[in-house]
Amino acid sequence: MHTNPSHGFGTRAIHAGQTPDPSTGAICTPIYQTSTFVQKSPGVIVEEYDYSRAANPTRTALEANIASLEGAEHGLAFSSGVAATGAVIHLLSAGDHVVLCDDVYGGTNRIFHRVFAQLGIEITLVDMTDLEATKAAFQPNTKLVWIETPTNPMLKIVDIPAVTRLAREHGAITAVDNTFCSPYLQNPLSLGADIVCHSTTKYIGGHSDAIGGVLAMNDPNLHKRLKFIQLSEGAVPGIQECFLFLRSTKTLHVRMDRHCDNAMRIAKHLEQHPKVERVIYPGLESHPQHAVARKQMRAFGGMVTIYLKGGLAESRAMLEKVKIFALAESLGGVESLIEHPAIMTHASVPADQRAKLGIADNLVRLSVGIEDCNDLIADLDQAIG
Ligand SMILES: *Cc1c(COP(=O)(O)O)cnc(C)c1O
């Protein structure tokens, strides 16, 4: 496998985990659309392949590619981001405790509180930008710390080295949901995390056409346990999806550069807009954790959150008027999306928690795509009115 860790990101994005097909010379890793593999003699198999839930060559290429991009020893692919999240939670047993970032993806909040809490997992939600509060959230039975940074939708930045240090002191492992950054902007394992998680549905896939998730890790024992969970639960991606994600990672660095440039320009523009109350973007000096963002992120991503002046009527009017931005959930695709977290992505978060986090009726979240930025700015201006 072309997995030379000393190569730059773009080279690894295009080549890691992939070699031309030895039988035909095909430059792209084939879609090995097969459920099973012929054995030479009972138990004598080619490489590790006996059944595609356990392993499939297209998936192996994707797993090696993502691992390389995260600077990790191992990668594991799943059928969705929440399936990857669930696999990590399955490392725990009843009676274990989790310290959970308070502003996580809605589906992460839901799987912890409405699936795993019933199985005896204890959870403490904490604002991880407050290190004293985070420290106080640990218990003797804390086994996992789940970080998401930047958070969703408030784009708070969690200091990964500081929180992973606290976790180590308490004998807990740390998982970081790195979906908003992609491996191009931030590599949590190099900042002290044990596991990194992505919804590949977002920036890694980047074209809004496939659902998937991945985990990456260095520790061989964690890899072994998570691979066992992947095999046992069977939430593995389809082979076509693996191919699509492999194709997408080849342009990840180029797409991310444009997402970041466009988002920065839009954030600066909206910060001056008379009908915008506040803009949240980690790249702005006005962002409360801008200094932490500069330390651990290479650039500041494609997500911008704004508070409009007014309330639900104003945000509804804007969301109905956009022409290039599409009113839709999800994020990270080449096309720009806009949404209303309180009604859409974060509807499953209890109202009191939403209020505490600041997910108000005048809050609008943008996933800035890679269209021409002047067109995006003009579209937002005409929609805000
Ligand atoms: C979308 C998303 C997930 C869940 O991923 P799916 O692929 O939709 O299951 C998890 N974390 C973050 C930050 C996300 O944006």
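Residues numbered from 1 in each chain as written. Predicted model: local features only at pLDDT ≥ 70, side-chain atom pairs only at ≥ 80, totals over all residues. Heavy atoms only, no water.

Participant: Mind laying out the packing of helix H2 (residues 57–69) against helix H9 (residues 239–249), listing which residues take part and the relevant values?
Facilitator: Following both chains from N to C, one finds H2 and H9 inclined at 35 degrees, their axes separated by 9 Å at the closest point. Between H2 and H9 lies a crossing whose hand is left-handed. Along its contact with H2, which presents Thr-58, Arg-59, Ala-61, Leu-62, Asn-65, Ile-66 and Leu-69, the element H9 presents Ile-239, Cys-242, Phe-243, Phe-245, Leu-246 and Thr-249. Of the residues that constitute the contact of H2 with H9, the class distribution is 9 nonpolar, 3 polar and 1 charged. (Axes fitted to C-alpha atoms, helices over the stretch in contact; angles between N-to-C directions. Helix = DSSP H or I, 4+ residues; strand = E, 2+ residues; numbered from the N terminus. Left-handed = near helix turned anticlockwise from the far one by under 90°. Contact = heavy atoms within 4.5 Å. Nonpolar A, V, L, I, M, F, W, Y, C, P; charged D, E, K, R; others polar.)

Participant: Could you give me a rundown of the domain arrangement of the chain, with the residues and numbers involved?
Facilitator: Domain annotation of the chain identifies domain 1 (9–249) and domain 2 (252–384). Taking only C-alpha atoms, the centre of domain 1 and the centre of domain 2 are 26 Å apart. Contacts between the two partners involve 44 residues from domain 1 and, on the opposite side, 44 residues from domain 2. It is Met-154, Leu-185 and Tyr-203 in domain 1 that bury the most area against domain 2; as a group they hold 23% of the surface buried on that side. At the boundary of domain 1 and domain 2, one finds 0 salt bridges. Along the contact surface separating domain 1 from domain 2 lie 19 residue pairs in polar contact (both at pLDDT 80 or more). Elements that contribute at least two residues to the side of domain 1 that touches domain 2 include exactly helix H1 (9–15), helix H4 (106–116), helix H6 (160–169), helix H7 (182–185) and H9. (Domains from an automatic or database assignment. Buried area = accessible area lost by both parts, 1.4 Å probe. Salt bridge = Lys/Arg side-chain N within 4 Å of Asp/Glu carboxyl O. Polar contact = N/O pair within 3.5 Å; in protein donor to acceptor, adjacent residues only side chain to side chain.)

Participant: Quick rundown of the environment of Asn-141? Include the residues and the values.
Facilitator: Secondary-structure assignment places Asn-141 in the loop between helix H5 (131–136) and strand E4 (142–148). Classification of Asn-141 as buried rests on a relative accessible area of 19%. Taking the C-alpha atoms as reference points, Asn-141 and Pro-153, 12 residues apart in sequence, are found 30 Å from one another. Not counting residues within four places of it along the chain, the set of residues in contact with Asn-141 comprises Gly-95, Asp-96, His-97 and Glu-122. Here Gly-95 takes part through its backbone oxygen, which lies 2.8 Å from a polar atom of the side chain of Asn-141. Within the local environment of Asn-141, its side chain forms a polar contact with the side chain of Glu-122, the two groups lying 3.2 Å apart. (Buried < 20%, exposed > 50% of the residue type's maximum accessible area, 1.4 Å probe, protein only.)

Participant: Can you explain the nonpolar core? Please cite residues and give values.
Facilitator: Of all hydrophobic cores here, the largest spans 61 residues; its most connected members are Ile-266, Leu-270, Val-304, Ile-306, Ile-338 and Leu-366. By residue number, the principal contributor to this core is helix H10 (residues 252–271), which donates 7 residues. For this core, the two domains that each supply at least three residues are domain 1 (9–249) and domain 2 (252–384). Look past the residues within four positions of Ile-306 in its chain and what remains in contact with it is Leu-270, Val-276, Arg-278, Val-279, Met-318, Asn-362, Leu-363 and Val-364. (Core = buried A, V, L, I, M, F, W, Y, C linked by side-chain atoms within 4.5 Å.)

Participant: Requested: an account of the site of the ligand, with residues and values cited.
Facilitator: Taken together, 13 residues surround the ligand, and among them Gly-81, Asp-177, Ser-199, Thr-201 and Lys-202 come closest. For the ligand, an oxygen atom lies 2.9 Å from a polar atom in the backbone of Val-82. (Near = heavy atom within 4 Å.)

Participant: Before we move on, could you go through the sheet that holds strand E6 (residues 195–199) and cite the residues and values that matter?
Facilitator: Pairing within the open sheet is mixed, and its 7 strands lie in the order E1-E7-E6-E5-E4-E2-E3. For this open sheet the edge positions go to strand E1 (74–78) and strand E3 (122–126), each flanked by a neighbour on one side alone. Averaged over all pairs of adjacent strands, the angle between their axes in this sheet comes to 20 degrees, without regard to strand direction. Here E1 pairs with strand E7 (residues 213–217) via 5 bridges, running antiparallel. (Pairing = 2+ DSSP bridges.)

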